[in-house]
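Inside the fold
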Amino acid sequence: MCIRDRSNSSAVKGALGFLLQATEHIATFHMDGLIVFVSKILDSRSLHKDPSIRAGCLQIFRHLISRKALEPRLQPFMDSIIATLKLSINDSDWRVRKNLAATIIAMGASSIPFFQAIGGPDLLSYILKNASIPESIVTEFNAKNPNSTASPQEIRDTCRNTLTLFSGSSGKLDSSLWPFLFEHMSDYVDSPPLVTAFPTVCRCLNQLGARVSETENYYVDFATAVNVPKPHALAVKFLVQAMQLDTHGPAELHSILESMVLISAVLDEPLAHQNSEEPPAEMYNLWAGMIPELQKQLMEGVTAEAWEDYVCKLISKTMVCKQSEQWAEDMTCLLYTSPSPRDS
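Here the structure is a predicted model, which means the values were calculated and not measured.

Let us look at the nonpolar core. If you look at the biggest cluster of nonpolar residues, it comprises 98 residues, and the most contacted ones within it are Met31, Ile81, Trp178, Met260 and Trp287. It is helix α13 (residues 250–267) that provides the largest number of residues to this core, a total of nine residues. Excluding anything up to four places from it in sequence, tryptophan 287 contacts Ala235, Leu239, Met260, Val261, Ile263, Ser264, Leu267, Pro292, Leu314 and Thr318.

Applying the stated criterion across every chain yields a total of 10 salt bridges. Its salt-bridge partner being arginine 67, residue glutamate 24 comes within 3.4 Å of it at the nearest N-O pair. Of the two residues, glutamate 24 is situated in helix α1 (residues 10–42) and arginine 67 in the loop between α2 (51–65) and α3 (71–74); the sequence distance between them amounts to 43 residues. Between arginine 156 and glutamate 135 there is a salt bridge, with the nearest N and O atoms lying 3.0 Å from each other. Within this pair, whereas arginine 156 is found in helix α8 (residues 152–166), its partner glutamate 135 is found in helix α7 (residues 135–144), the two being separated by 21 residues in sequence. By relative accessible area, which is 8% here, arginine 156 ends up buried. Of the residues examined, glutamate 135 reaches a relative accessible area of 44% and is grouped as partly exposed.

All right, on to α8 then. With 15 residues, α8 ought to run about 21 Å at 1.5 Å a step, and its terminal C-alpha atoms sit 21 Å apart, in line with that. Every buried residue belonging to α8 is among Pro152, Ile155, Arg156, Cys159, Thr162, Leu163 and Phe166, and all of these are buried. Here the buried residues of α8 occupy an arc of 125° about the axis, which is enough to place them on one side. In α8, the exposed residues that point more than 90 degrees away from the buried face are Asn161 and Leu165. Packed against the buried residues of α8 are α5 (94–109), α6 (120–130), α7, α9 (174–177) and α11 (198–212).

Next up on the list: the packing of aromatic side chains. Using the criterion set out here, one finds six aromatic pairs in the structure. Arranged with centres 5.7 Å apart and planes meeting at 55°, the rings of phenylalanine 115 and phenylalanine 166 form a pair that is tilted. One end of the pair, phenylalanine 115, is in the loop between α5 and α6; the other, phenylalanine 166, is in helix α8, with 51 residues separating them in the sequence. For the pair phenylalanine 115 and phenylalanine 166, a shared accessibility class is recorded, and that class is buried. Between tryptophan 178 and tyrosine 218, the aromatic rings sit 5.9 Å apart at their centres with planes inclined by 25°, giving stacked as the arrangement. Here tryptophan 178 is found in the loop between α9 and α10 (180–184), whereas its partner tyrosine 218 is found in the loop between α11 and α12 (231–242), with 40 residues between them in sequence. Each of the two residues, tryptophan 178 as well as tyrosine 218, counts as buried.

Scoring rules and cut-offs
- Residues numbered from 1 in each chain as written.
- Predicted model: local features only at pLDDT ≥ 70, side-chain atom pairs only at ≥ 80, totals over all residues.
- Heavy atoms only, no water.
- Core = buried A, V, L, I, M, F, W, Y, C linked by side-chain atoms within 4.5 Å.
- Buried < 20%, exposed > 50% of the residue type's maximum accessible area, 1.4 Å probe, protein only.
- Helix = DSSP H or I, 4+ residues; strand = E, 2+ residues; numbered from the N terminus.
- Contact = heavy atoms within 4.5 Å.
- Salt bridge = Lys/Arg side-chain N within 4 Å of Asp/Glu carboxyl O.
- Expected span 1.5 Å × (residues − 1).
- Arc of directions from axis to C-beta.
- Phe/Tyr/Trp six-rings, centres within 6.5 Å; stacked < 30°, edge-to-face > 60°.

Below is the structure:
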């Protein structure tokens with residue numbers, strides 16, 4: 001599985017295919033033993049220091065997970081498979097990271113509910129974090145390793161495309177991604193480079209929201225969803241990114257603004273006011289009313305100074321729209337501490 005011959009000869013492909021077929025037979029009759037064997041290799045305390053071996057083990061799992069005929073056999077071992085893959089989450093070798101990402105992608109196409117199991121969201125987080133690899137790492141790696149078979153840029157592009165694919169039209173993973181994508185935004189304060197994937201996350205939210213907004217799962221109960229940033233925190237995160245005309249292109253900013261309109265009704269917290277005769281709609285009325293004009297200005301072309309003025313007006317009105325001193329105070333504190341893409 002860790003063949004070092006990098007040629008694409010038929011002999012190498014044939015040998016690899018034979019080995020993968022052999023693992024199918026092993027999985028059919030000795031799946032538990034196979035998991036134990038792979039776990040020992042992927043464990044950071046293992047004597048197997050060669051990244052090619054670790055990458056090969058992950059390739060085995062990717063192959064098995066992608067085989068529809070093996071799903072009945074794999075499902076009883078779902079938790080063990082996830083736990084085994086998580087042993088590689090902190091592996092720094094790009095070959096290992098490439099194969100782990102590929103394995104998680106295969107999970108998304110499987111009918112086994114991997115991402116709803118214990119530890120499954122951690123694998124989705126892995127995709128999102130690799131989609132956020134900063135350009136500085138890409139540039140440094142390319143300068144030192146021009147002929148590498150696994151690069152940060154390749155992995156970043158793959159993971160960004162994967163997020164878009166996962167949030168696509170099928171809707172199979174909607175319950176795993178909404179409101180999970182919001183949960184991950186709480187990492188941004190401690191990990192500024194994560195904001196580099198913000199436009200990608202927004203495109204995913206826009207695809208998800210088109211479907212989820214028509215269901216009962218659209219609104220978030222912020223009292224019970226403790227890992228989701230509070231409404232004022234989410235509002236600040238989007239407003240800060242909307243300000244970055246020099247970092248995000250017009251198309252990316254348009255996606256961010258579209259997401260703001262999409263989540264505005266969620267930020268009004270209707271589930272916290274179910275007994276009210278008229279649920280609050282301050283955020284929705286404000287953002288849905290002002291943001292289309294901002295999108296129009298963006299598409300027509302706008303200077304950085306004018307854009308900053310437009311967004312500052314939106315920020316000012318957002319701070320007072322709920323007529324709450326606590327809301328304004330919380331937003332003010334976060335606005336002064338939130339990182340921007342320039343920090344990455």
